[in-house]
Amino acid sequence: MRTIVITGGSDGLGKTLALRLSKENKVIILARNEAALQEVAKQTGCDYFVCDVRDAKQVAATFAQIQVKHPTIDVLINNAGITVNGDFTETSDEDIESVMATNTLGTIFAAKAALKLMKQQQRGLIVNVNSQSGLTTKANRSIYNASKWAVTGFTKAMQEEAAAYGVRVTGFYPGTIHTQLFAKAGLPLRGIALTTEQAARAIEFVIDVGDDVLIPELGMKRI
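Residues numbered from 1 in each chain as written. Predicted model: local features only at pLDDT ≥ 70, side-chain atom pairs only at ≥ 80, totals over all residues. Heavy atoms only, no water.

**A look at the pattern of salt bridges**
Scanning the entire structure with this criterion turns up 8 salt bridges. In this structure, the salt-bridge partner of Arg123 is Asp74, at a minimum N-O distance of 2.4 Å. With Arg123 in the loop between helix 4 (93-121) and strand 5 (124-129) and Asp74 in the loop between helix 3 (56-69) and strand 4 (75-78), this residue pair connects regions lying 49 residues apart in the sequence. According to the relative accessible area criterion, Arg123 is partly exposed, its value standing at 38%. In the salt-bridge network here, residues are joined through shared partners; they are Arg20, Glu197 and Glu204. (Salt bridge = Lys/Arg side-chain N within 4 Å of Asp/Glu carboxyl O. Helix = DSSP H or I, 4+ residues; strand = E, 2+ residues; numbered from the N terminus. Buried < 20%, exposed > 50% of the residue type's maximum accessible area, 1.4 Å probe, protein only.)

This is the structure we're talking about:
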């Protein structure tokens, strides 16, 4: 039985992952909304911690608490993320900071905290949930693209660094997923989208493929 930490675990893809993975693993979900975390925990039996991934000190403290209750962390799924679309010049500074802090810094802070523990174990897997927007660009998505392209570069560099400690790092690049990501930003969901189940199955495959196998990148989108 593996110990799996999921950021952004209170809804959307994170919630679906918790529902799927908790059947055969110890799952710990992190998010800012305690009420939503409690609801998912009731449904899944997961452990949970309130944690704002944008806050480096809070992330470090949370992972220290996790280590007390769960001596090993086998998998980190870096799933927390938000979006903002629209004319770059009209995008508020607050929205720019929030997207970069959540998508980029949040991913980095959580990965750093997990890798510190995994280095001691000399094993582990980190899955950075990125986006096709970390590989392509589109007008009116400059900030979201910037946050995700930064995660792409971070993931590729981290793969080389973490390998020295026996830790694997996978970049997951899905197309649009049917979640509340856009609704929370006040945006409509356009076009066909993956279900959270489809995306969760792909991540589950990465986790289950074997400790001696690295999947550097996995992309998927609806056709």
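**Topic: the packing of helix 3 against helix 4**
Relative to each other, helix 3 and helix 4 sit at 35°, their axes nearing to 8 Å. Relative to helix 4, the crossing made by helix 3 is right-handed. Packed against helix 3, whose contacting residues are Ala56, Val59, Phe63 and Gln67, the element helix 4 presents Phe109, Ala110, Ala113, Ala114, Leu117 and Gln120 at the interface. (Axes fitted to C-alpha atoms, helices over the stretch in contact; angles between N-to-C directions. Left-handed = near helix turned anticlockwise from the far one by under 90°. Contact = heavy atoms within 4.5 Å.)

**Description of the sheet that holds strand 6 (residues 167-174)**
Spatial ordering of the open sheet is given by 3-2-1-4-5-6-7, a layout of 7 strands whose pairing is parallel. The strands lining the two open edges of the sheet, one partner per strand, are strand 3 (47-50) and strand 7 (217-220). Strand-to-strand twist in this sheet, taken as the mean axis angle between neighbours without regard to direction, amounts to 15°. Strand direction decides the pairing type here: strand 6 and strand 7, joined by 4 bridges, are parallel. Among the inter-strand pairings, Pro174 is bridged to a residue of strand 7, identified as Met220. (Pairing = 2+ DSSP bridges.)

**Some remarks on the nonpolar core**
Across soluble globular proteins, nonpolar side chains show a tendency to be buried alongside one another. Judged by nonpolar contacts, the single largest core of 27 residues is most densely connected at Ile6 and Ile77. Every element with two or more residues in this core is listed here: strand 1 (3-7), helix 1 (12-21), strand 2 (26-31), helix 2 (34-44), strand 4, strand 5 and helix 7 (196-208). With 6 residues, helix 7 is the single largest residue contributor to this core. Not counting residues up to four positions away in its chain, the partners in contact with Ile6 are Gly14, Leu17, Ala18, Leu21, Val27, Ile28, Ile29, Leu30, Ile77 and Asn79. Membership of the second largest hydrophobic core comes to 24 residues, among which are Ile28, Cys51, Leu76 and Met118. (Core = buried A, V, L, I, M, F, W, Y, C linked by side-chain atoms within 4.5 Å.)

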